[in-house]
Amino acid sequence: MNADPAARLAAQRTLSDGEFVGLLSTDRYDADLFAAADRTRRSVYGTDVYIRGLIEFTNYCKNNCLYCGIRRDNRNASRYRLSGEEILACCEAGWELGYRTFVLQGGEDPYFTDERICSLVSSIKERFPDCAVTLSIGEKSRASYQAYFDAGADRYLLRHETADPGLYGRLHPAEMHLDNRIRCLYDLKEIGFAVGAGMMVGPPGQTAAHLVEDLRFLEELQPQMIGIGPYLTHRDTPFAREQNGSLSLTLRLLAVLRLMFPRALIPATTALGTIHPEGRELGLKAGANVIMPNLSPADVRKKYELYENKLRVGGDNAADRSELERRVEAAGYRVVVDRGDPK
Ligand code: 5AD
């Protein structure tokens, strides 16, 4: 047996809890770990980087998550909703620039009833039949998820946030429950969506043992997509005075995830690009293979402020699009025009 945990992970063995804790209890920059993850990534996806056009269509939210800048109780948030025409215009611009996946992300906004969501999804699918539609609109009933799927939605992102009930309770108000979130993820999977789960790295109270619980949960769920990013503070939340998560621990976790889930679609997230100017490139080199540039109109982009100093770079114009391409190439990869379905 190979004594090196990273090498054993690369050989598709799982590790003991203690070994995972060992990998995640330091935030040392580990070139060997990242290189192993990059080899695994290249063996499945080559140098391909998939791009997703992110449309943040509403920042109204009925939830009150303690870490999030668009939580219900934040009176300083300037709220907006995009109209159906505005959303379609974002897709149109995105299609011209080579996006073949549109991600509709929003707070849990009761204005967007199932009927409105279904009608949006079916108009996008009708107009752009060669594109995938991803929804990221929170916890719903199984019947609602089924309706979105029947309307043509292909994928659904719903981070579990943490698989530890105690930590979940510290990060969320009493009316939210980990059990329901997990129920949602399994419903989505059973219905036939490609499903994305994930967690923040470094929110208040999180330990390496919590992250190991997340890895075990992900092993069970086997999601097609896994989104992680550093926790970043926001002045208008109860966590305003807390520390940001760590860049290098996030990178280590990305690498571990790539080794555990060779075929997963793993984004180098906006939060990663926010905590460090080259965060997304570093994420790609640690095993990520997806980037989600923002297609929302520039004037609403700053209002979708989950955390402070959110990276503003868009993807909705040709200049930003070529800049992205250049940066991805400089990191050793290539942006492809493709739906980027899970392999
Ligand atoms: N810092 C980092 N990520 C955050 N999210 C929400 N608030 C923050 C924050 N303050 C993440 C959550 C959510 C996703 C859309 O953004 O994990 O699921």
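Per chain, residue numbering runs from 1 following the sequence as it is written. The model is predicted, so local features are restricted to residues of pLDDT at least 70 and side-chain atom pairs to those at 80 or more, both for listing and for counting; the totals for chains, interfaces and linings are taken over all residues. Just so you know, side-chain values use all the structure's heavy atoms and leave hydrogens and water out.

## Here we look at the state of the cysteines
Here is step 1 of the chain: The disulfide criterion used throughout: a pair of cysteine sulfur atoms within 2.5 Å. According to the stated counting rule, one finds zero disulfides in the structure shown.
Here is step 2 of the chain: C68 supplies the cysteine sulfur nearest to C65, a cysteine that is in no disulfide, at a spacing of 6.2 Å.
Here is step 3 of the chain: By relative accessible area, C65 is classed as buried at 11%.
Here is step 4 of the chain: Of all cysteine sulfurs in the structure, the one in C91 sits closest to C131, which takes part in no disulfide; the separation is 7.9 Å. In this scheme, a residue with accessible area under 20% of its type's maximum is buried, one over 50% is exposed, and one in between is partly exposed, where area comes from a 1.4 Å probe on protein chains only.

## Overview of helix α3 (residues 31-45)
Quick reminder: α-helices carry 3.6 residues per turn. Residues three or four places apart thus point the same way.
Here is step 1 of the chain: Between its first and last C-alpha, α3 extends 20 Å over 15 residues, near the 21 Å set by a 1.5 Å rise per residue.
Here is step 2 of the chain: All of the buried residues along α3 are L33, F34, A36, A37, D38, T40, R41, V44 and Y45.
Here is step 3 of the chain: Its side-chain oxygen at 3.2 Å from the backbone nitrogen of D32, D30 defines the N-terminal cap of α3. Each helix corresponds to a stretch of at least 4 residues labelled H or I by DSSP, and each strand to a stretch of at least 2 residues labelled E; elements are numbered beginning at the N terminus. A helix is expected to span 1.5 Å multiplied by its residue count minus one. What qualifies as a polar contact is a pair of N or O atoms within 3.5 Å, subject to a donor-acceptor requirement within protein and to the restriction that residues adjacent in sequence count only when both atoms come from side chains.

## What to know about the site of the ligand
Here is step 1 of the chain: Taken together, the residues surrounding the ligand are Y67, C68, R159, E161, M200, P230, Y231, L232, L306 and Y307.
Here is step 2 of the chain: Between the ligand and Y67, the relevant distance is 2.9 Å, taken from a nitrogen atom to a main-chain nitrogen or oxygen of the residue.
Here is step 3 of the chain: Taking R159, its side chain carries an N or O atom lying 2.9 Å from an oxygen atom of the ligand.
Here is step 4 of the chain: All accessibility values rest on the Shrake-Rupley procedure with a 1.4 Å probe; residue burial counts only the protein chains present in the view. For the ligand, whose accessible area on its own is 400 Å², the fraction buried by protein is 87%.
Here is step 5 of the chain: Note on residue classes: Ala, Val, Leu, Ile, Met, Phe, Trp, Tyr, Cys and Pro are nonpolar, Asp, Glu, Lys and Arg are charged, and everything else, Gly too, is polar. Its residues assigned to classes, the shell around the ligand comprises eight nonpolar, no polar and two charged. Any residue with a non-hydrogen atom lying within 4 Å of a molecule or strand is treated as near it.

## Digging into the side chain of T101
Here is step 1 of the chain: Summarising the element assignment, T101 is placed in strand β3 (residues 101-106).
Here is step 2 of the chain: Given the relative accessible area of 0%, T101 is considered buried.
Here is step 3 of the chain: Polar contacts involving the side chain of T101 include one to the side chain of R52, which spans 3.3 Å.
Here is step 4 of the chain: When checking whether two residues touch, look at their non-hydrogen atoms; a contact exists if any pair is within 4.5 Å. With near-sequence residues (within four places) excluded, T101 lies in contact with I51, R52, G53, A132, T134, R155 and R339.

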